[in-house]
Amino acid sequence: MKILHIIGGGDVGGAKTHVLSLLSRLKEKAEITLICLRHGDFAEDAKKLGINTRVIADKNVLTVAKKVAEMVRAEGYEIVHSHGAKANLTAAFVKRKVKVKLVSTIHSDYRLDYMDNPLKQITFGLMNAVSLRSIDYYTVVSDAMANTLIKRNFNPQAMYTVYNGIDYSDEAVQCSKEQAAEKYGIEYEKDCVYIGIAARLCAIKDVKTLLNAAATAVKKNDKLRFIIGGDGEERKSLEKLAKTLELDKYVSFIGWVSDMSSFFSLIDVHVMTSLSEGFPYALLEGAAAKKATVSTAVGGIPALIDSGVNGFLFMPGENAALAEKLVFFAENPEKTKLFGERLYEKARKCFNMEKMCESQLSLYEKILANAAMGKPQRVCICGSYGIGNSGDEAILSAIIEDIRSVTPNADITVMSRRPKITKAVQRVYAIHSFDIPRVFFRLLRSDVFVNGGGNLIQDITSTRSIIFYLFTIRLAKLCGANVIMYGCGIGPITKTRNRKLAAKVLNKSVCGIALREERAFQELSALGVTKPEISVGADPAVNLHPADEQAVDAVLIRAGLPEQKLLGISVRDWKNAEETAKSVAFAADHACEKYGFVPVFIPMHTDDVRVSESIARMMKNRAYVISEKCSVDVTIGIIGKMDYILGMRLHSLIFASSRQVPAVGIAYDVKALGFMRSIKSELCIPVEQINGEKLCQMLDTLFATRKKCDETAKETVAALQQAAHMNLNIYEKNIRK
């Protein structure tokens, strides 16, 4: 694997740290060459690290591009990886001269790179924006940056997140606070709390917000002291503002910080006030020093800081919120230490040098593998997506994951009610489900159409629903796509006319059907559907994995959950809602009073929060509601943390089974009953028959048979996961036709 990196060579700060630390490791795994477009410290530092470095210092970008293209051609580089505006422009011209895959790392929002220089913004900034459209693949340093680019219509399937990482194997040598204060010419005050920021003093870092917050905070606690490290075009104006706010006693400007270890030795709390960021190294360096951190919730920063758990987040410019958090740390030294320790543990585990290098190397391997596969399979997926239902989104995630396992370079389009959200979350193209002209255009270009997951072919919600899905199936077939139904349920279909139409369309248009339960097979047989190949497997979501444990724990901590036995409850609004609510509240109180469980409501749809909160209010005992909107993998992780589940939502039962958590089901339609039977459980009550006593009896049975449940859990999960592969078999057969 031969990779050629290009960078301007005048970079400092995070971009320089990222490139040099990355290449110093990657050179051990691949043949790496770095081209700097100017002489200077960057090139010299790269050479000292043993990186094969060349300098092409020519102001004519066309001349530079010609020389780089000759290198690519002569030395056989497979990928050209650019960093920054001039490098991106060079790479764009190289692509015109030689066939090579281009990658660009976008370290920050390119629209804000020249925020302080309007002339450069309309020259270099504009050229960079145009050049980026020529790049084949993008690595971004945070998911937030990826979402920003996707909103600007960059290809979501070409977007890969590679978070920055640092080496935690050797802890930084820290000096004493007194020594650090002396180094920076500060009179150290032992009983004071030191707040610090180290940043380029420019508009985008918004240090004036810290000064305004300081003016408020010192009125509440005059033991606060503020250390501002860095230099830049705003330094004089910031010093003037500090004087205007009468902060001379409290604020020290110490200039450019070259030794971060001494800076972090001095401060107690680290602050970041940026208006925009990628994923700053200063954040990781503060975490490595175990410093409690307060930061704006921008870029990738929320990926590390779980607000209220290992630090605090606030919105840009909100100096009052910042002041409040600073006073909190000043008055709670034990929390300051605890938050610093938690931040260090998460950073060390999730944002280390090894993970950064592995992610980048994996991207290179994917790029070369995709190129070797040739023309991508074009797949269109239709389902009940983009409506805020965790179960449906889980199905979509599983289908996409399965498709990529067979055809990694698949060009996937999803029909969604909220295409912008689907693009950002799933990293695929998305169009609105009811934008028929665009749907038609996509289907004309599709090789495979996937009617994906859930009970789509049913009329219990409405006849309009079944007509729509049958229409898309028929249209896809007429457009020339192979049509498959993936991990789905069927029915109930109650109207005779709808049953006849479903049988006709499925027999005429569908190549293969992978069902998630035996009951659905019986329904298809009753309809007279015989022509497609039919297999019975399991819901594809059983193979999904939970989020990192620390991300899950952060949600539970924010919700205030005590460390006790937990009964997870998933409910939804449905017919017989009042009786269901009373029964669930009664059963939850029973579990609490008799067995000591803490009831935890886990909403899986945006509407479930309201229902959960209303039931919690009916209870005699304290219950908790996870009102925070969670991703699918975090929801799976939360369910995995429960001791038992009382589930009305189908996927609460599926996730419980996949995480080996015993469950009682409340069936609002046949699919929950079907699933519980598929795992050989009789602990499921139809919602029409529900009452508090019956629900309590089922919970009693569940609690009494825990040992038996544990003995069969692994076997049940293994069987479900193996059955889910039947979906993939149907897909594989039909992409080869």
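Look a little higher up for the structure.
Novice: Summarise the overall build of the protein chain; cite the residues concerned and give the values.
Specialist: Helix and strand counts for the protein chain come out as 30 helices and 26 strands. Over its C-alpha atoms the protein chain spans a radius of gyration of 29 Å, differing by no more than 12% from the 27 Å that the globule rule assigns to 737 residues. Here the protein chain holds 737 residues, and the buried ones make up 58% of them. Long-range contacts, defined as pairs at least 24 residues apart, comprise 70% of the intrachain contacts of the protein chain with a sequence gap of at least 6. For the protein chain, the accessible surface area stands at approximately 31200 Å², while carbon and sulfur atoms represent 50% of it. Distance between charge centres in the protein chain, computed from 98 positive and 82 negative side chains, equals 8 Å.

Novice: Just give me the short version of empty space enclosed by the protein, but keep the residues and values in it.
Specialist: For the structure shown, the criterion picks out one cavity of 30 Å³ or more. Roughly 50 Å³ of internal volume is contained in the largest cavity. Along the walls of the largest cavity sit R378, V379, D411, T413, R442, R445 and S446, which together make up its complete lining. Among the secondary structure elements, those contributing two or more residues to the lining of the largest cavity are β14 (378–382) and β15 (411–416). Along the lines of polarity and charge, the residues of the lining of the largest cavity split into one nonpolar, two polar and four charged.

Novice: Explain the packing of aromatic side chains residue by residue, including any values.
Specialist: Applying the stated rule across the entire model yields 22 aromatic pairs. Ring geometry for Y110 versus F154: centroids 6.2 Å apart, planes at 65°, classification edge-to-face. Placement of the pair is Y110 in the loop between β5 (101–106) and α5 (118–122) and F154 in the loop between α7 (143–151) and β7 (159–161), with a sequence separation of 44 residues. In this structure, Y110 and F154 share a single accessibility class: buried. The ring of F597 has K565 lying over it, and the distance from NZ or CZ to the ring centre is 4.7 Å. Across from the ring centre of Y644, 4.9 Å away, lies the NZ or CZ of R706, which sits over that ring.

Novice: I'd like a description of the pairing of strand β18 (residues 482–490), backed by residues and values.
Specialist: Taking burial as the measure, the nine residues of β18 include nine buried ones, the bulk of the element. The pairing of strand β17 (residues 448–457) with β18 spans seven bridges and is classified as parallel. Each residue of the ladder has a partner; that of V450, found in β18, is I484. For β18 and strand β19 (residues 512–515), the ladder comprises three bridges, and the chain directions are parallel.

Novice: Residue-level account of the packing of helix α4 (residues 85–97) against helix α6 (residues 124–132), with values.
Specialist: α6 packs onto α4 with a crossing angle of 45° between their chain directions and a minimal axis gap of 9 Å. One way to sum up the angle between α4 and α6 is to call them oblique. Of the two possible hands of crossing, α4 and α6 adopt the one that is left-handed. On α6, the residues touching A85, N88, L89 and A92 of α4 are F124, M127, N128, S131 and L132.

Novice: Can you explain the pairing of β19? Please cite residues and give values.
Specialist: Residues G512 and A514 point to one face of β19 and I513 and L515 to the other, with burial holding for every one of them. What joins β18 to β19 is helix α21 (residues 496–509), and the crossover it makes is right-handed. Where β19 and strand β20 (residues 533–536) come together, four bridges link them in parallel fashion. For I513, the partnering residue across the bridge sits in β20 and is I534. As a crossover connection, the stretch from β19 through helix α22 (residues 518–527) into β20 is right-handed.

Novice: Describe the sheet that holds strand β13 (residues 312–314), naming the residues involved and giving the relevant values.
Specialist: If you trace the six strands from one edge of the open sheet to the other, you get β10-β9-β8-β11-β12-β13, paired in parallel fashion. The open sheet has two edge strands with one neighbour each: β10 (251–255) and β13. Pairs of neighbouring strands in the sheet enclose a mean axial angle of 20°, with direction left out of account. Where helix α12 (residues 281–288) meets the sheet, its contacts fall on β11 (269–272) and β12 (292–296), and the angle it forms with β11 comes to roughly 170°.

Novice: Help me get a handle on the sheet that holds strand β23 (residues 624–625), residues and values and all.
Specialist: Spatially, six strands are ordered β23-β22-β21-β24-β25-β26 in an open sheet, and the strand pairing comes out parallel. In this open sheet, the two strands that pair with only one neighbour each are β23 and β26 (684–686). Pairing geometry for strand β24 (residues 644–647) and strand β25 (residues 663–667), over three bridges, is parallel. Bridge pairing in β25 links L646 to V664. In this fold helix α28 (residues 670–678) packs onto β25 and β26, with an angle of close to 150° to the strand it touches most, β25.

Novice: Before we move on, could you go through the side chain of K423 and cite the residues and values that matter?
Specialist: By secondary structure assignment, the location of K423 is in helix α18 (residues 419–426). For the buried K423, no salt bridge is present, and the opposite-charge side chain at shortest range is D435, 10 Å distant. Residues contacting K423, with those up to four places away along its chain left out, are I150, N153, P156, V428, Y429 and A430.

Novice: Give a detailed account of α12, specifying residues and quantitative values.
Specialist: Most of α12 is tucked away: six of the eight residues are buried. Y281, A282, L283, L284, G286 and A287 are the residues of α12 that are buried. Just beyond α12, the residue with positive phi is K290, at close to 60°.

Novice: An account of the nonpolar core is needed here, citing residue identities and associated values.
Specialist: Ranked by size, the top nonpolar core spans 80 residues in total, and within it V68, L284 and L304 carry the most contacts. For this core, the leading source of residues is helix α16 (residues 353–373), giving seven residues. A398, A541, Y624 and L650 belong to the second-largest nonpolar core, a separate cluster that totals 43 residues.

Novice: Report on the environment of R133, specifying residues and quantitative values.
Specialist: Residue placement: R133 occurs in the loop between α6 and β6 (137–140). Remark: the alpha-carbon pair of R133 and L338, spanning 205 residues in sequence, is separated by 45 Å.

Novice: Provide a residue-level description of helix α17 (residues 390–406), including the pertinent values.
Specialist: Here α17 contains 17 residues, and its C-alpha end-to-end distance of 25 Å stays within 8% of the 24 Å for a straight helix at 1.5 Å per residue. Where α17 begins, the side chain of N389 points an oxygen toward the backbone nitrogen of G391, at a separation of 2.8 Å.

Novice: A description of the pattern of salt bridges should follow, citing residues and the corresponding values.
Specialist: A full pass over the atoms with the stated rule returns 33 salt bridges. As a salt-bridge pair, D143 and R427 come within 2.9 Å of each other at their nearest N and O atoms. With a gap of 284 residues between them, D143 in helix α7 and R427 in the loop between α18 and β16 (429–432) connect regions that are remote in the sequence. Among the residues examined, R427 registers a relative accessible area of 17% and is labelled buried. With its nearest N and O atoms 2.9 Å apart, the salt bridge here joins E189 to R225. With E189 in the loop between α8 (177–183) and β8 (193–198) and R225 in strand β9 (residues 224–229), this residue pair connects regions lying 36 residues apart in the sequence. By relative accessible area, which is 29% here, E189 ends up partly exposed. Here the residues in one salt-bridge network are R25, D167 and E354, joined through shared partners.

Cut-offs used in this document
Residues numbered from 1 in each chain as written. Predicted model: local features only at pLDDT ≥ 70, side-chain atom pairs only at ≥ 80, totals over all residues. Heavy atoms only, no water. Helix = DSSP H or I, 4+ residues; strand = E, 2+ residues; numbered from the N terminus. Rg over C-alpha atoms; globule rule 2.2 N^0.38 Å. Buried < 20%, exposed > 50% of the residue type's maximum accessible area, 1.4 Å probe, protein only. Contact = heavy atoms within 4.5 Å. Areas by Shrake-Rupley, 256 points an atom, 1.4 Å probe, with all protein chains shown as cover. Lys, Arg positive; Asp, Glu negative; His and termini not counted. Charge placed at Lys NZ, Arg CZ, Asp CG, Glu CD. 1 Å grid on protein atoms, 1.4 Å probe; cavity = no way out; pocket = protein on both sides within 12 Å on 5 of 7 lines; lining within 4 Å. Points joined across faces, edges and corners; volume = space filled by probe spheres on them. Nonpolar A, V, L, I, M, F, W, Y, C, P; charged D, E, K, R; others polar. Phe/Tyr/Trp six-rings, centres within 6.5 Å; stacked < 30°, edge-to-face > 60°. Lys NZ or Arg CZ within 6 Å of the ring centre and 35° of its normal. Pairing = 2+ DSSP bridges. Axes fitted to C-alpha atoms, helices over the stretch in contact; angles between N-to-C directions. Parallel < 35°, antiparallel > 145°, perpendicular 65-115°, else oblique. Left-handed = near helix turned anticlockwise from the far one by under 90°. Right-handed = clockwise from strand over helix to strand, strands pointing away. Salt bridge = Lys/Arg side-chain N within 4 Å of Asp/Glu carboxyl O. Core = buried A, V, L, I, M, F, W, Y, C linked by side-chain atoms within 4.5 Å. Expected span 1.5 Å × (residues − 1). Polar contact = N/O pair within 3.5 Å; in protein donor to acceptor, adjacent residues only side chain to side chain.

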